[in-house]
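Residues per chain are reported as follows:
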Amino acid sequence: MVTLIPGGVYLYNGTQIVLPTDSPAQEHSNQFNTDAYKATMAYQIMMNHQTADGDTSLRIKFDALTSHDITYVGIIQTAIASGLDKFPIPYVLTNCHNTLAAVGGTINEDDHVFGLSAVKHFGGIYVPPHLAVIHQYMRETMAGCGKMILGSDSHTRYGALGTMAIGEGGPELVKQLLGRTYDIQRPKVIAIYLEGSPRHGVGPQDVALAIEKAVFQNGFVKNCVMEFVGPGIASISQDFRNGIDVMTTETTCLSTIWRTDDITKQFLTIHGRPNDYKELNPGTVAYYDGMVKVDLTKVENMIAMPFHPSNVYTIKELNEGGKELLAHIEHEAVEKLDNKNLRLQLPDKYFDGKVHVDQGIIVGCSGGLYENIVAAANIVGGKSVGNDRFAFSVYPSSQPIYLELMKNGALVDLMEAGTIVRTAFCGPCFGAGDTPNNSGLSARHATRNFPNREGSKPGNGQIASVALMDARSIAATAIHHGALTPATEIDYDDTIPEYHYDNKPYMNKVYSGFQAANKDSKIIYGPSIKAWPSIEALNDNILLKVAAYIDDPVTTTDELIPSGETSSYRSDPYALSEFALSRKVPEYVSRAKEVRELEKARQEETIPNELAQAYKLVNTAMNLKQSVESLAKTTSVASTIYANKPGDGSAREQAASCQRVLGGGANIALEYATKRYRSNVINWGMLPFITSAEDAKKIDTFDYIWIPNVRNTLLGTTDTFDAYVINTNKKEKITLHLGYLSDEEKDIIAKGCLINYYAAENN
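Here is a short report on the structure shown in this document.

Rules and cut-offs
Residues numbered from 1 in each chain as written. Predicted model: local features only at pLDDT ≥ 70, side-chain atom pairs only at ≥ 80, totals over all residues. Heavy atoms only, no water. Helix = DSSP H or I, 4+ residues; strand = E, 2+ residues; numbered from the N terminus. Rg over C-alpha atoms; globule rule 2.2 N^0.38 Å. Buried < 20%, exposed > 50% of the residue type's maximum accessible area, 1.4 Å probe, protein only. Contact = heavy atoms within 4.5 Å. Pairing = 2+ DSSP bridges. Right-handed = clockwise from strand over helix to strand, strands pointing away. Axes fitted to C-alpha atoms, helices over the stretch in contact; angles between N-to-C directions. Parallel < 35°, antiparallel > 145°, perpendicular 65-115°, else oblique. Left-handed = near helix turned anticlockwise from the far one by under 90°. Core = buried A, V, L, I, M, F, W, Y, C linked by side-chain atoms within 4.5 Å. Lys, Arg positive; Asp, Glu negative; His and termini not counted. Salt bridge = Lys/Arg side-chain N within 4 Å of Asp/Glu carboxyl O. Polar contact = N/O pair within 3.5 Å; in protein donor to acceptor, adjacent residues only side chain to side chain.

Turning to the overall build of the chain, a few remarks are in order. The helix and strand tally for the chain stands at 27 helices and 32 strands. Here the C-alpha radius of gyration of the chain, 26 Å, is about what a compact globule of 763 residues would show, namely 27 Å. Overall size of the chain, expressed as C-alpha extent along the three principal axes, is 80 × 65 × 60 Å. Taken over 763 residues, the chain has a buried fraction of 64%. Sequence-distant contacts in the chain: of pairs separated by 6 or more residues, those separated by 24 or more amount to 76%.

The following block contains the structure:
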């Protein structure tokens, strides 16, 4: 089904795979050499957006930006504080994340009013609530061949439409709004070679999960560009391609790009943008840093079990494994929870020879696509989803899709079968809608199944779980009233009626004001919208106190700052920070606040007893022979967290900014799960340290970590920071590194954060 080819590999004429040791490569070394990396589609697009010299250190400017209503308030506030004048490129604000997730009061609508007023003032595009989810709107109106788009959502992926799109934290969008660049070392490019064609009943989520299973654990495509090539592309529709493409975020790749053809052209033409099409193909000989070979013919109906999209089985395998396999899956899942007493009760879901789920949901940028919903309608049409516990909900990803489903009768088939059809909303993808019962299992064609993505609250003893499946198998399961059923076992008409795009919902409701900034139009601030706190520059030395030590293999951004209803506080940095690590290390916030108060006192030139004792501890351990007062002038105090591999998942900058608001000064890790989380740490002025597994064992919660000359080392030429773990009767030397940082990134950290960096330039 999926085969990995590590190391260098060539693609000849777009179809023939040639290894460096193969005779064609040996006999024609003038063509088959590593310079052929320039023949990839990814290279060509990146270089067309490169603003610096050379092709190693990239300084990219994007063609468009997009954000949703969890992130855009903070981004615009940061940009305003940094000197924003107007939006220089199209900036799309959608309202698809928190439209239904308010905990009460006017919080959500206040943010929406702010967003509309901001695009009027600065010249942007505003998509009202329920009209479209962020990525479907961008597919329908913005993506085009050869473009690059940056979004403040991790699933910013439009590669199947010839657009290299990247999901990053908000500060990276701020840089673009201020006319700056996205700075990155040229990424590796991995070929995703598709061959064959999918069988009846197999959908895009099946293919995506098969790839995810093969590449996540080994980091095969981490921070790389996935370039989709091969003859199999021609066998799948544009919706099918889009459905695979959006799920590549879960592999931890940086971006994607696909070869384009008449199917791509047809999609863009239907959506009124034929001029955005051009054929994209790799050159005659293209060199890749590795290859993932996918035989579409052999892909089966797949299911990702709790708690990660890479925890993949075939549906057949899961049903045949019965209670024993479910018990094994539950054991592994509970190990990822802090409360090991919680039980998913997965074995109880097995009876009558099948696993049974409590919900079926088709939603968002991966599930709510036209063809997925039509296929589901074809399966449930004339049947019933039952009147017992099982519930089936469908969320079309845009009003134009909803309108077409209404016109062609697909909604009739769905509704008559007992399906609940809702508006465009991402809620179930991040735990803000359709939350199942305690110990419930929800089967979803959505993007993620991390803990709490279904809306449960383990800290309160509530636990539920999500399995990821394709819409076709969810519909097949629905007509069996929750009994897990692969769509390949269902006889249904898989004909998809031609799609007719009607943009009237957008024409009549979207505010399109790019290049029409109105400086006389006031920005409207609700009472919950707060400015970012002031942040100090990096001092000569730093004394870190470990406020949380997390030894899980991977720590998600959802664990660093929970999604769901907590995001309703997204526009108040202090209020949101109260939820930091609340489901992982509930004591973290109070510990970090205590350190923040010490630093605040130091800045006010007072030295409380606890701070004096900390300085004395360092003074004695390091034999500094300095007074407490002298140390206080040159040594800042900040909290830090240690995690083996933090940052898997969302691009939400709050995973880092909440730590900074609470007085955080650094993260320490063995590695960072994603570039976007590391970028957020940097842009909020925290040091993204990495260390060895051996040195990590020397660190404990409540330890101090003394890093002398941290500022000079950061701004110097070495990447070795000598640090010392200190506590009563304890002194351990450790070595920390930062990895590659651009000069600008170093300066951002030195100045304390991105806002300070731009403020210094403007003065």
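From this point, the discussion proceeds with the structure in view.
On to the environment of Ala483, then. Within the secondary structure, Ala483 is located in the loop between helix H15 (471-478) and helix H16 (504-509). For Ala483, a relative accessible area of 9% puts it in the buried group. A C-alpha to C-alpha distance of 8.9 Å links Ala483 and Phe351, two positions 132 residues apart in sequence. Aside from chain neighbours lying at most four places away, what touches Ala483 is Lys354, Val355, His356 and Thr477.

On to unusual backbone geometry, then. That bond from Pro306 to Phe307 is cis: its omega, 5°, falls within 30 degrees of zero. Its place among the elements puts Phe307 in the loop between strand E14 (302-304) and strand E15 (312-314). With a phi angle near 60°, Gln345 is a residue other than glycine that sits in the positive phi range. Along the chain, the position of Gln345 falls in the loop between helix H10 (315-334) and strand E16 (350-351). Owing to a relative accessible area of 36%, Gln345 belongs among the partly exposed residues under this scheme. Despite not being glycine, Lys625 has its phi angle at roughly 60°, a positive value.

Turning our eyes to something else, we now look at the sheet that holds strand E4 (residues 64-67). The sheet built from six strands is open, its strands ordered E8-E7-E4-E5-E6-E23 with mixed pairing. What marks the edges here is a single partner per strand, and that holds for strand E8 (164-167) and strand E23 (511-512). Sheet topology note: the strand E5 (residues 91-94)/strand E6 (residues 125-127) ladder contains three bridges and is parallel. Of the residues in E6, the one forming a bridge with Val92 is Ile125.

It is worth spelling out the side chain of Gln176 at this point. Turning to its location among the elements, Gln176 is positioned in helix H6 (residues 170-177). When its relative accessible area of 4% is taken as the criterion, Gln176 is described as buried. In this view, Gln176 contacts Ile60, Lys61, Phe62, Leu65, Pro88, Leu150, Thr181 and Tyr182; residues no more than four positions away in its chain are not counted.

Residues Tyr91 and Leu93 of E5 are buried on one face, and the alternating residues Val92 and Thr94, pointing to the opposite face, are buried as well. Relative to E5, E4 is paired through three bridges, and the arrangement is parallel. In the strand pairing of E5, Ser67 is matched with Leu93. On the question of chirality, the crossover connecting E4 to the parallel E5 by way of helix H3 (residues 72-81) is right-handed.

A separate point is the packing of H3 against helix H4 (residues 107-122). Orientation of H3 relative to H4, taken along the N-to-C sense of each, is 45°, at an axis distance of 10 Å. For the element pair H3 / H4, the angle class is oblique. Of the two elements, H3 crosses H4, and the hand of that crossing is left-handed. On the side of H3, the interface is formed by Tyr72, Val73, Ile76, Gln77 and Ile80, while H4 contributes Asp111, His112, Phe114, Gly115, Ala118 and Phe122.

On to the sheet that holds strand E29 (residues 687-690). Sheet architecture is open: seven strands sit in the order E29-E28-E26-E24-E30-E31-E32, paired in mixed fashion. With partners counted over all chains shown, the strands left at the sheet margins are E29 and strand E32 (730-736), one partner each. With direction set aside, neighbouring strand axes in the sheet form an average angle of 30°. The pairing of strand E24 (residues 541-550) with strand E30 (residues 704-707) spans four bridges and is antiparallel. When the bridges of E30 are listed, Lys545 appears paired with Tyr704. Contacting E24 and strand E26 (635-643), helix H19 (residues 588-603) runs over the sheet at an angle of about 165° to E26. Helix H23 (residues 675-683) rests against E26, strand E28 (664-669) and E29 of the sheet, and its axis sits at about 130° to E29.

Relative to the assigned elements, Ile70 resides in the loop between E4 and H3. Assessed through its relative accessible area of 4%, Ile70 is described here as buried. On a C-alpha basis, the gap between Ile70 and Ile490 in space is 39 Å, while along the polypeptide they are 420 residues apart. For Ile70, the contacting residues outside a window of four places in its chain are His97, Asn98, Phe430, Ser567, Arg570, Arg652 and Gln654.

Attention now goes to the nonpolar core. In terms of nonpolar packing, the biggest core is built from 126 residues, with Tyr91, Tyr137, Ile303, Met305, Leu318, Phe392 and Leu414 touching the most fellow members. Formed by 29 residues, the second largest nonpolar core is a distinct cluster that contains Leu576, Ala580, Tyr588 and Ala656.

All right, on to the side chain of Asp648 then. Along the chain, Asp648 turns up in strand E27 (residues 646-648). Buried Asp648, no salt bridge; nearest opposite-charge side chain is Arg676, N-O distance 5.4 Å. Of the polar contacts made by the side chain of Asp648, one reaches the side chain of His308; its length is 2.9 Å. The contacts of Asp648, once residues within four sequence positions are left out, are Phe216, Thr252, His308, Phe450, Val554, Thr555, Thr556, Thr557, Ala673 and Thr674.

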